[in-house]
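# Summary of structural features
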Amino acid sequence: MVWLYFAYLGKYVLLYQESHSLFIFDNYYFSQHLKFPGGITEYITSFLVQFSFYPLIGALFVAFIISALPFFVQRIFPVNQKYFFFLSFIPSVLLLSCYRKVDFGLSIPVAISLNFAGLYLFSAVSSSRIRLIVACLLIPILYFTTAGIYHVFWLIVLLIVGLQNDYKNKFATISALLALAVAIPFFSNVYLFRLTFSDAYFRFIGDNLSALPPQFYLLTLVIILLPFVEKISRNNVLKERLVSMKYLSTFNILLTVIILSLALHYSYDKRVSQMVTIASHANQENWENVLEIANEYDGTNYLVSYYANVALLNSGEIEHKLFDYNQSLGAEGLFFTWDRSRKKSEHGGRLYYDLGFINEAHHWAFESMVSNGENASQLQMLALTNLVNERTKAAKKYLSILKKTLFYADWSKEYLSLINSSETLNDNGIIVAKRSQVPKGDFFMNLNDLVPDLVQMLKSNPDNEAACKYLLTYYLLSNQIDLFAETLVEFKNHFKKLSPLYQQALFVHLLAHPTEKEKFNVFEISNNTELLFKAYVKGMQTYKPRRGNIPQEFSEKFGTTFWYYLHFVSPHGNKVISKR
């Protein structure tokens, strides 16, 4: 059931985590993970997460890790397993529900599973004396391997020692184990790691306590309570009552299925799923899929609007189908402003690359790598921008890293082979197309407003069709039809024939400025556009629509026109904004 969830409904979690991780087959990469407690867990996690490139495979590893907990719990606490079968699934259920937060990493589940594996080894030893020796050996091993999650191991060991009757001189035993558990991080930090107190004792937990989901704290409480429930379950009177209960097994199975189903239902977040999936498709340049999800998205979202417009630009449909998609954010849905936030730097650079602002795309990708860590999509962008700018040495640096990955090595090798043959590189379709877009001169970028940059780009490189169309789109969405018309006529060479959408906007401009018809004679406004406008005016008179109260029939007929956007959708008001 867990595998099915992550393979299909919850695969967005795997896509998100794979896009924010990078495993490198390299000795240096491994050695870096030996320099701090928990590094081994992070190394294992990164290795497993890379397989989420194919969610069906990644789901197998996640399901195995989460499903391992009931196995360990049932063997560490066998009496609970006999009478309270469902309890063994509670830790897994809570861990699963933590994935309501898509950025809840796999490191914590891996670390918890490793600690439960240690508890299983501890409990599998029959001699209480040898058990304690095993515990003393496992405490430093698990600390070095799982960092702050090692508290799970020694706390449960202390509770088992205190609650069971197999141990003599409990006070001395508990004191010695506690002293060892506290001393290991202290002396390791003094002689090995040189970390802060928080990192030394609570790495994985204390990195950002507020970011951890509340289910994690409930999980911690449940784990601590398990030895107490085991102790209670050993009571002979309670055993007799439980044995005499009919349908106890059926009750346990039903309860297990119910709590697991509830956890899966709670874990799924449709909106987050759509946002993550749309970003994933954009990284792979699957523009049709991006537009499909944008069309299905219910509501308004900056990321969805942004990627929908980027997809329209790259698919060549921005002048035809702009208003087929939700544009209620107006011009603000076209780009992100720069404010050094992790999320914006992660996504915002894509548009600059598509528009030919190669240096700025490099800037955003580098900032994203610094704030979010290395990941494949940013390294690919850094490699491409350097190749476009003919900085092959810098491009080799990023391509060499990707060459050491499992699923991006082929992409990297392709471009490395191009670098070794400059003629082949200069004939590469992607590189040639991008070089034709770049500005021919230098100018300062305005990081809070893309429009001045687009204007400067077109002055520098009038042949940049993508920049021209995006500037026109901005003027449409901001109701600035005068500027739209002027830009249209200035760069008329890009348009052999106006799209119906552009005709509708130009028609509005000419209605307001009939004396300028001669100026725009180069463009033809079709009879269909004029007839559609007359039908629109008649519909306005018939249906009398108002914002917030638009008859469905009217919306179905005219909802994809510029006129409808201007009157009923635009956040910039329902009138043309004139520069005059």
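Conventions used here
Residues numbered from 1 in each chain as written. Predicted model: local features only at pLDDT ≥ 70, side-chain atom pairs only at ≥ 80, totals over all residues. Heavy atoms only, no water. Core = buried A, V, L, I, M, F, W, Y, C linked by side-chain atoms within 4.5 Å. Buried < 20%, exposed > 50% of the residue type's maximum accessible area, 1.4 Å probe, protein only. Helix = DSSP H or I, 4+ residues; strand = E, 2+ residues; numbered from the N terminus. Contact = heavy atoms within 4.5 Å. Phe/Tyr/Trp six-rings, centres within 6.5 Å; stacked < 30°, edge-to-face > 60°. Lys NZ or Arg CZ within 6 Å of the ring centre and 35° of its normal. Domains from an automatic or database assignment. Expected span 1.5 Å × (residues − 1). Salt bridge = Lys/Arg side-chain N within 4 Å of Asp/Glu carboxyl O.

### A word on the nonpolar core
- Of all hydrophobic cores here, the largest spans 105 residues; its most connected members are Tyr470 and Phe562.
- It is helix α27 (residues 465-477) that provides the largest number of residues to this core, a total of 10 residues.
- Not counting residues up to four positions away in its chain, the partners in contact with tyrosine 470 are Asn309, Val310, Leu313, Ile318, Leu334, Leu351, Leu355, Leu450 and Leu454.
- In this structure, Val13, Phe86, Phe104 and Tyr201 belong to the second largest nonpolar core, which totals 81 residues.

### Considerations on the side chain of serine 412
- Inspection of the secondary structure puts serine 412 in helix α23 (residues 409-419).
- If sequence neighbours within four positions are ignored, serine 412 has contacts with Leu399, Ser400, Leu402 and Lys403.

### As for the packing of aromatic side chains
- If you walk through the whole model with that rule in mind, you get 50 aromatic pairs.
- Judged by centre distance (4.8 Å) and plane angle (25°), the ring pair of phenylalanine 323 and tyrosine 565 falls under stacked. Taken together, the residues phenylalanine 323 in the loop between α18 (302-314) and α19 (342-355) and tyrosine 565 in helix α32 (residues 562-569) connect sequence positions 242 residues apart.
- By relative accessible area, phenylalanine 323 is classed as buried at 6%.
- Taken together through their ring pairs, the aromatic side chains of Phe23, Phe25, Tyr29, Phe30, Tyr43, Phe47, Phe51, Phe53, Tyr54, Phe61, Phe407 and Tyr408 make up a single cluster.
- The side chain of arginine 131 reaches across the aromatic face of phenylalanine 122, ending 5.7 Å from its centre.

### A closer look at the domain arrangement of the chain
- What the domain assignment lists for the chain is domain 1 (2-267), domain 2 (272-437) and domain 3 (490-580).
- Distance between the C-alpha centres of domain 1 and domain 3: 61 Å.

### Concerning the environment of lysine 517
- Note on placement: lysine 517 falls in the loop between α29 (500-512) and α30 (527-543).
- What makes lysine 517 partly exposed here is its relative accessible area of 48%.
- Once the C-alpha coordinates of lysine 517 and tyrosine 302 are considered, the two residues, 215 residues apart in sequence, prove to be 37 Å apart.

### A few points about α29
- In a regular helix each residue adds 1.5 Å, so 13 residues correspond to 18 Å; α29 covers 19 Å between its end C-alpha atoms and thus fits that length.
- With respect to burial, α29 is a largely interior element, 10 of its 13 residues being buried.
- Buried residues of α29: Leu501, Tyr502, Gln503, Gln504, Ala505, Leu506, Phe507, Val508, His509 and Leu510, and no others.
- Buried residues belonging to α29 abut α27, α28 (481-490), α30 and α32.

### Brief notes about the pattern of salt bridges
- Scanning the entire structure with this criterion turns up eight salt bridges.
- Aspartate 26 serves as the salt-bridge partner of lysine 404, at 3.1 Å between the closest nitrogen and oxygen. Remark: aspartate 26 occurs in the loop between α2 (11-19) and α3 (27-32) and lysine 404 occurs in the loop between α22 (392-403) and α23; sequence separation between them is 378 residues.
- By relative accessible area, lysine 404 is classed as partly exposed at 36%.
- A residue is classified by how much of its surface remains accessible, and aspartate 26, at 24% relative accessible area, is partly exposed.
- The closest approach of N and O atoms between arginine 350 and aspartate 354, which form a salt bridge, is 2.8 Å. Of this pair, arginine 350 and aspartate 354 are both found in helix α19, four residues apart, which corresponds to roughly one turn of the helix.
- For arginine 350, a relative accessible area of 12% translates into the label buried.

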